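# Results of the structural survey
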Amino acid sequence: IVAIRHRITLDPHQTASIDIASGIGETRHAALGLVGKYQDRHLADRVFDLAWTHSWVTLRQINANESDAQLYGRLASSVIYANASLRAEAGVLIRNRRGQSGLWSYAISGDLPIVLLQIGDSENIDLVRRMVQAHAYWRLKGLAVDLVIWNEDRGGYRQVLQDQIMGLIAAGVEAHVMDRPG
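Within each chain, residue numbers correspond to sequence positions counted from 1 in written order. Predicted model: local features are reported for residues with pLDDT of at least 70 only, side-chain atom pairs are reported and counted for 80 or more only, and whole-chain, interface and lining totals are derived from all residues. To obtain the side-chain values, all non-hydrogen atoms of the structure were used and water was disregarded.

Attention shifts here to helix H2 (residues 41-61). Each helix is a run of H or I in the DSSP string that is no shorter than four residues. Each strand is a run of E no shorter than two, and both are numbered from the N terminus. Residue count minus one, scaled by 1.5 Å, sets the expected span of a helix. For H2, spanning 21 residues, the distance from its first C-alpha to its last is 30 Å, which sits close to the expected 30 Å at 1.5 Å a residue. Within the sequence span of H2, burial applies to Ala-44, Thr-58 and Leu-59. Considered in projection along H2, the buried side chains sweep an arc of 95° and stay on one side of the axis. Next to the buried residues of H2 lie helix H1 (28-38), helix H3 (66-80) and helix H5 (125-140). Of the residues flanking the start of H2, the one acting as N-cap is Asp-40, its side-chain oxygen 3.0 Å from the backbone nitrogen of His-42. Note on exposure labels: buried denotes an accessible area under 20% of the residue type's maximum, exposed denotes more than 50%, and partly exposed covers the range between, all computed with a 1.4 Å probe on protein chains only. By definition, the arc is the one covered by directions from the helix axis to the C-beta atoms. Every residue pair with non-hydrogen atoms within 4.5 Å of one another is taken to be in contact. In protein, a polar contact requires one atom able to donate a hydrogen and another able to accept it; more generally it is a pair of N or O atoms within 3.5 Å, and residues adjacent in sequence count only if both atoms are side-chain atoms.

This part is about the pairing of strand S2 (residues 146-151). With six bridges joining them, strand S1 (residues 114-119) and S2 adopt parallel strand pairing. Residue pairing across strands places Ile-119 opposite Asn-151, the latter belonging to S2. On the question of chirality, the crossover connecting S1 to the parallel S2 by way of H5 is right-handed. For two strands to count as paired, DSSP must find a minimum of two bridges between them. For a crossover, the right-handed case is the one in which the path from the first strand over the helix to the second runs clockwise, viewed with the strands pointing away from the viewer.

Moving on: a nonpolar patch on the surface. Nonpolar side chains collect at one region of the surface, where Ile-8, Leu-10, Ile-18 and Ile-20 lie side by side and expose about 430 Å² of accessible area between them. Checked against the element boundaries, Leu-10 lands in the segment before H1. Here, patches come from residues exposed beyond 30% relative accessible area and free of salt bridges, joined within 9 Å for like charges and within 5 Å for nonpolar side chains (Val, Leu, Ile, Met, Phe, Trp, Tyr). Computed by Shrake-Rupley with a 1.4 Å probe, the accessible areas treat only the displayed protein chains as cover when residues are assessed. One speaks of a salt bridge when a side-chain nitrogen belonging to Lys or Arg is within 4 Å of a carboxyl oxygen belonging to Asp or Glu.

Our focus in this paragraph is the packing of aromatic side chains. Put simply, two rings from Phe, Tyr or Trp (the six-membered ring, in Trp's case) pair if the centres are within 6.5 Å, and we call them stacked under 30 degrees between planes, edge-to-face over 60, tilted for the rest. Across all of its chains, the model carries one aromatic pair by this definition. Arranged with centres 6.0 Å apart and planes meeting at 55°, the rings of Tyr-72 and Tyr-137 form a pair that is tilted. Here Tyr-137 lies in helix H5 and Tyr-72 lies in helix H3, a separation of 65 residues in the sequence. Owing to a relative accessible area of 1%, Tyr-72 belongs among the buried residues under this scheme. Overall, Tyr-137 belongs to the buried group, its relative accessible area being 13%.

Along the chain, Asp-68 falls in helix H3. Once you skip the residues sitting within four places of it in the chain, Asp-68 turns out to touch Arg-130 and Gln-133.

If you want it as structure tokens, here you go:
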């Protein structure tokens, strides 16, 4: 770990903005190179501007806003670091007699984390939209997960909810990744 330390003194009622950047290098030399690079304030300012622009473009690409991105980040942490409160009850898990191969008939490899969304009626279609959007956001950020939408609608012949779900997926930026890993 390398840290650039800079001391500032503020007068009463004075403010300052502090930017914090994290970097990683495979070697000590590479890490020290980053320190040298980002001590140049103009270069550091340019990098922060580019990062902001990239984030803005990413959000526009999936039609999301900053609060959506914060929510999707919190959800991603529950995917990366298993959150027991979001898992099925212990009794449900114990009754499972299938292994990973039990998922294969549903075109789910089980090699990636699985985010399961259960939906039973059209009143919750906005939740599907948000999860499809979250999935797109995660992919753009490099987090590959299998999003499984479990439609429990017993609507009968017309399958209105299924058509709505498929329409949301087809209209999104990720229509090309349906039925594929991640």
